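Report on the structure
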Amino acid sequence: MNGKPLAAELNSNQIVVATVEGRPYYKIVTTLKSMNIRFSSLSPEEASKTNAKIIITTKNEAALFRREDLMFDFQLDMFPPLFKAMILKNLSGNYLEDILVVGVDPGNRIGIYVLYLHAELYSAVQISMKDAVKFIVNTLSCIKSSKKILKIGNGDWIKCNHIAQEIRNLNRSVRIEIVNEFGTSRNILPNRRGNRDVGSAKSIALRTGRIF
């Protein structure tokens, strides 16, 4: 699991944004760009003639397509990592191991890094413990996966233990590992906008820890 974005290796024609409605179009393309997902823009009529794996449109324009596996603009209003997970799952089919890994660096700012289907899914920095736990719980509960692993760095044992206990109490099906943080901050850029926090969380996600 190298954390390389799966979308970067995909032809943009595999994902098509197909709507002539201005506001939904802006919302869709802004979200896809923020997730580093490449895509093409076509009219619904043009998109209906393609063999694109994923077509994102609106409910109003769905009748223009003769397929039932469309994705819609309103789904963007759900938990953001879930939308990207749906895209990656649709693109990968059953070719990749269905595994979800959440790496957590529990420092003053809590870095979170999410891997899904061996690809980078999402990253975030949370200031409060409450918000961090909420984000982790939502990630683990919303995204469908046959194997879910939460890996927490041991640099701050009080926060590490708190997060592990909270998640265990809420979801006992998740495998929780405590990871040795030594060296996870090496070769990471200065802490601009949480780079170091997310970078450490990524290193934690890629390491094997001991079972909590």
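Throughout, a residue's number is its position along its own chain's written sequence, starting from 1. For a predicted model such as this one, the threshold for reporting local features is a pLDDT of at least 70, and the threshold for listing and counting side-chain atom pairs is 80 or more; totals across whole chains, interfaces and linings nevertheless cover every residue. Excluded from the side-chain calculation are hydrogens and water; included are all heavy atoms of the structure.

Examining the environment of Tyr-116
Going along the chain from the N terminus, every DSSP run of H or I of four or more residues is numbered as a helix, and every run of E of two or more is numbered as a strand. Of note, Tyr-116 is situated in strand β6 (residues 110-116). Taking the C-alpha atoms as reference points, Tyr-116 and Pro-81, 35 residues apart in sequence, are found 9.8 Å from one another. By the convention used here, residues are in contact when the closest approach between their heavy atoms is within 4.5 Å. Discounting residues that sit within four places of it in the chain, Tyr-116 has contacts with Ala-85, Leu-88, Lys-89, Asp-98, Ile-99, Leu-100, Leu-121, Ile-143, Lys-144 and Ser-145.

So, the nonpolar core
Put simply, buried Ala, Val, Leu, Ile, Met, Phe, Trp, Tyr and Cys residues joined by side-chain atoms within 4.5 Å make one nonpolar core. Residue burial is assigned from relative accessible area. The probe radius is 1.4 Å, only protein chains are included, and a residue is buried under 20% of its type maximum, exposed over 50%, and partly exposed in between. Within the largest apolar cluster, 32 residues are counted, with the highest numbers of intra-cluster contacts made by Leu-150 and Ile-152. Contributions of two or more residues to this core are made by α3 (80-92), β5 (99-106), β6, β7 (119-126), α4 (129-142), β8 (147-153), α5 (157-170) and β9 (175-179). Those residues within four positions of Ile-152 in sequence are excluded, and the remaining contacts are Val-104, Pro-106, Cys-160, Ile-163, Ala-164, Ile-176, Glu-177, Ile-178, Val-179 and Ile-204. Core analysis: the second largest hydrophobic core is formed by 15 residues, Ile-28, Leu-32, Ile-37 and Ile-87 among them.

A look at the sheet that holds β9
Any two strands between which DSSP finds at least two bridges are classified as paired. Read from one edge of the open sheet, six strands run β7-β6-β5-β8-β9-β10, paired in mixed fashion. On the outer flanks of this sheet lie β7 and β10 (210-211), each paired with one strand and no other. Here six bridges tie β5 to β8, and the two strands are oriented parallel to one another. Note on β8: the bridge partner recorded for Gly-103 is Lys-151. Every angle, taken between N-to-C directions, lies between 0 and 180 degrees, and every axis is a line fitted to C-alpha atoms, over only the stretch in contact when it is a helix. The strands touched by α4 are β5, β6, β7 and β8; relative to β6, the strand with the most contacts, the crossing angle is about 5°.

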